[in-house]
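Results of the structural survey
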Amino acid sequence: MPFNGIDASLKYISDVVVNNLTGATWLVNSGIVSNVPTLGSEIITNGSFDADTANWSAQGSSSLSSVAGGQSSNNLLVTNGGASFGYALQQKTVSVGGWYNISYYYKSGTVGGISRVGTSFGGSEYYSKTLSSVPWANENNVLRATNTNISFRLGTNSSSISATTNYDEVSLKLITLASIYLTAPASTATRAINTAIL
């Protein structure tokens, strides 16, 4: 978007970022401004399921298995053991107010899946999504923690006995706040914002 008549050195939004703003993870490519935030260490335990399903608890009469055919090695297979929605559960502690990146792969088995992320046991206060894909597909989301407890639920979207769904490379990482904000002199930022709105 051009900035006409504002400042000879500020012709486009990309100029504002390149010439006046700072932020280590902000990039400008062909006039498009983007951000790839810096992520902290992994919070989820055994999100790759390469050897087993340790640290994940089976819920809803389900069974959990580490099986071949994942993204790089094995993956999680959730199988309903009864007429209920089976799922794998892992609970972790996070910092209230922190921004977190959620990522995982999923693939339909005999049925599609459903994932939920919340503050309560198996809850969906943050996120709930129905999943359906024959090849592996990736899901990414960002949330801001409102509670110290976070519950990660990955399951089948069916109550049929023996229904299955697959998951792999489950990840939860803190986003470094300094990486998702740009800084600039107040006058420059105000001129840019006002011009963009107009």
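Whatever comes next refers back to the structure up there.
Below you will find a few notes about this structure.

What counts and what doesn't
- Residue numbers run consecutively from 1 along every chain, following the written order of its sequence.
- In keeping with the predicted nature of the model, local features appear solely for residues at pLDDT of at least 70, side-chain atom pairs appear and are counted solely at 80 or more, and the whole-chain, interface and lining totals rest on all residues.
- With hydrogens and water set aside, each side-chain value is computed from the structure's full complement of heavy atoms.
- The salt bridge definition used is simple: a Lys or Arg side-chain nitrogen within 4 Å of an Asp or Glu carboxyl oxygen.
- Secondary structure elements follow DSSP: runs of H or I of four or more residues count as helices, runs of E of two or more count as strands, with numbering from the N terminus.
- Relative accessible area decides the class of each residue, using a 1.4 Å probe on protein chains only: under 20% of the type maximum gives buried, over 50% gives exposed, and in between gives partly exposed.
- By the convention used here, residues are in contact when the closest approach between their heavy atoms is within 4.5 Å.
- Two strands make a pair as long as DSSP finds a minimum of two bridges between them.
- Helix axes are fitted only over the stretch in contact, all axes being lines through C-alpha atoms; the angle between N-to-C directions runs from 0 to 180 degrees.
- The aromatic pairing rule takes the rings of Phe, Tyr and Trp, using the six-membered ring of Trp, and pairs them if the centres are within 6.5 Å, calling planes under 30 degrees apart stacked, those over 60 edge-to-face and the rest tilted.

Counted by the stated rule, this structure contains one salt bridge. A salt bridge links Lys129 to Glu139; the shortest N-O distance between them is 3.0 Å. Of this pair, Lys129 sits in strand S10 (residues 127–131) while Glu139 sits in strand S11 (residues 137–144), and the two are 10 residues apart along the sequence. Overall, Glu139 belongs to the buried group, its relative accessible area being 7%.

Bringing the environment of Ala137 into the picture now. Along the polypeptide, Ala137 turns up in strand S11. Separated by 30 residues in the primary sequence, Ala137 and Lys107 have C-alpha atoms spaced 6.5 Å apart. Excluding anything up to four places from it in sequence, Ala137 contacts Tyr104, Tyr105 and Tyr106.

Along the chain, the position of Val170 falls in strand S13 (residues 164–175). The buried category is assigned to Val170, whose relative accessible area is 4%. For the pair Val170 and Phe152, spaced 18 residues apart in sequence, the C-alpha separation works out to 9.5 Å. Excluding residues that lie within four positions of it along the chain, Val170 makes contacts with Glu42, Ile44, Gly47, Phe49, Trp56, Ser103, Tyr104, Phe152 and Leu154.

Pairing is antiparallel in the open sheet, where five strands are placed in the order S4-S7-S12-S9-S10. With partners counted over all chains shown, the strands left at the sheet margins are strand S4 (57–59) and S10, one partner each. Going across the sheet, the axis of each strand differs from the next one's by a mean of 20°, ignoring polarity. Two elements, strand S7 (residues 87–93) and strand S12 (residues 149–156), share seven bridges in a ladder whose sense is antiparallel.

A few words now on the packing of aromatic side chains. A full pass over the atoms with the stated rule returns five aromatic pairs. With a centroid separation of 5.5 Å and an interplanar angle of 45°, the aromatic rings of Phe49 and Trp56 are classed as tilted. Assigned by exposure class, Phe49 and Trp56 land together as buried. Relative to Phe152, the ring of Tyr104 has its centre 6.2 Å away and its plane inclined at 85°; by these criteria the two rings are edge-to-face. Highlighted residues: Tyr104 in strand S8 (residues 99–108) and Phe152 in strand S12, separated in sequence by 48 residues.

Attention shifts here to the pairing of S13. The buried fraction of S13 amounts to nine of the 12 residues, a majority that puts the element mostly inside the structure. Here strand S3 (residues 39–42) runs beside S13; their pairing, made up of two bridges, is antiparallel. Looking across to S13, one finds that Leu39 is bridged to Ile175. Bridging between strand S6 (residues 75–80) and S13 involves four bridges; their strand directions are antiparallel. Counted as the bridge partner of Leu77 is Asn166 from S13.

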